Structures are given as structure tokens and as C-alpha cells.
Amino acid sequence: MHLDPLAIITAFGLIFLAELPDKTMFASLAMGTRMRPLYVWFGTSSAFIVHVAIAVGAGSLIGLLPDWTVKLVSASLFAFGAFILLRGSGGDDDDDAEVKTVTGFWPVYSTAFMAVFISEWGDLTQITTANLAASNGTWSTAIGSAAALMSVSALALLAGKFIAKRVPLKTVQRIGGICMLGLALWTAVEIFTG
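Residues numbered from 1 in each chain as written. Predicted model: local features only at pLDDT ≥ 70, side-chain atom pairs only at ≥ 80, totals over all residues. Heavy atoms only, no water.

Engineer: Explain the packing of aromatic side chains residue by residue, including any values.
Structural biologist: Both the distance between ring centres and the angle between the ring planes are used here to describe each pair of aromatic rings. In total, this model carries nine aromatic pairs according to the counting rule given. Here the aromatic rings of Phe-105 and Trp-106 are separated by 4.9 Å at their centres, their planes lie at 80 degrees, and the arrangement is edge-to-face. Judged by its relative accessible area of 60%, Trp-106 falls in the exposed class. In textbook terms, an aromatic cluster arises when at least three aromatic residues are bridged by ring pairs, as seen for Tyr-39, Trp-41, Phe-42, Phe-105, Trp-106, Tyr-109, Phe-113 and Phe-117. (Phe/Tyr/Trp six-rings, centres within 6.5 Å; stacked < 30°, edge-to-face > 60°. Buried < 20%, exposed > 50% of the residue type's maximum accessible area, 1.4 Å probe, protein only.)

Next comes the structure, spelled out in C-alpha cells:
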């Protein structure tokens, strides 16, 4: 197992920025107001770890393709991610289903787990994680992505109201989109120079 610190930091930064304006952050915040935040965090974190494992597995399969094909797929996925982030939040303003007051570890854990597990399928962060795993390594991407997703969930539970009042989510979205666009261009250049 080889860990690349730069790949971990890259995965963390991209996934963190992409997840901040996501509906999952708002779902975590909403669940945290009605349920015990630590239990919610355990549930959301477990769901994120499962999704990262699935995305990294898909990325590993992509990594078996010829190098130029992987870079072309990566550039396309980064460009798609940039488009999604830069076009605006779209449907992400919708809150997930109403959450009833739930108590006890297992009911809260399973509610939080299922809310995130279902809502994250095919999400931008899952696609980005698969993309990064194809080009930057499985373990490094998994560690960086999981840490970012778990951090965003914790941030939403601890300081979500503060962030919403102080930092416009559109700004975070635009920064993430510009970073992804830069990575798309960088990867496209590597196809012709590498």
C-alpha cells in the first residue's frame, strides 16, 4: 500500500469543496437539530465510507484502461464536475424528507446512514472520488475523500448555522468549480504532453 500525501490533500480539498454546497450538508444540519449530533455523525460517516469504497473500486477498474484513456475520462469527469458546480446549485436547495425526532443510538444512526446512503448515489463527490482513484491511487484517494466527507458532516453538525450566515455557498461552489476546471485542463494537457 503506497500513500501519496499530495493525492490525499488533493482528494480532501476537491471533495471538501464539492460537498460543502451539497444537500447532504443541509441534511446533516437538519438531522443534528432534531437528533443527537454525535450519533448523526457516526451514521453519516459510515454511509460516506461505504460510498468511498464503491467509488474507489470503480476508479480502480477505470485505472486498468490505457493511460491516455484514463486521462481522457478524468478530464471529462473533472469538466463535468466543474460544469455542475459553476452552473449553480439547481435542485440542491430542496431539503431531504422531513426528519422526525428520533432518540437512541441505533435509530439515529440508521436514520442518518440511510439518508446519506440513498442521497449520495451518483453524486458529484462519488464520481469525483472514482475519477481521482483512477489517476491518483486507491488508498490515498480513499483516505482523502473519506476524511473530507466526514469533515463536512462534522462541520455541518457543529458550525452549519455559522457558515451559512458568514460564507455564501455560491462562493464555495465557484471555488470548487474553478479548481475542477483547472484539473480538467491540466489532465487534458497531460494527454498530449505525456
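Engineer: Go over the UniProt feature "transmembrane region" (unreviewed entry) in the protein with me, naming the residues and quoting the values.
Structural biologist: Mapped onto this numbering, the UniProt entry annotates "transmembrane region" (unreviewed entry) at residues 6-26, 38-62, 68-87, 99-119, 139-163 and 175-193. Taken as a whole, residues 6-26 contains 86% helix and 0% strand, while its terminal C-alpha atoms sit 29 Å from one another. Note that residues 38-62 is 100% helix and 0% strand, and that its end C-alpha atoms are spaced 36 Å apart. (UniProt positions renumbered as here; feature names shortened; annotations may be inferred. Helix = DSSP H or I, 4+ residues; strand = E, 2+ residues; numbered from the N terminus.)

Engineer: Give a description of empty space enclosed by the protein that names residues and reports values.
Structural biologist: All told, the structure shown has one cavity of 30 Å³ or more when counted by the stated rule. Of the voids in this model, the largest cavity is the one considered here, and its volume is about 40 Å³. Lining the largest cavity we find Phe-48, His-51, Val-52, Ala-55, Glu-120, Thr-125, Gln-126, Thr-129 and Leu-149. Listing elements by their share of the lining of the largest cavity, those giving two or more residues are helix H3 (37-62) and helix H6 (124-136). (1 Å grid on protein atoms, 1.4 Å probe; cavity = no way out; pocket = protein on both sides within 12 Å on 5 of 7 lines; lining within 4 Å. Points joined across faces, edges and corners; volume = space filled by probe spheres on them.)

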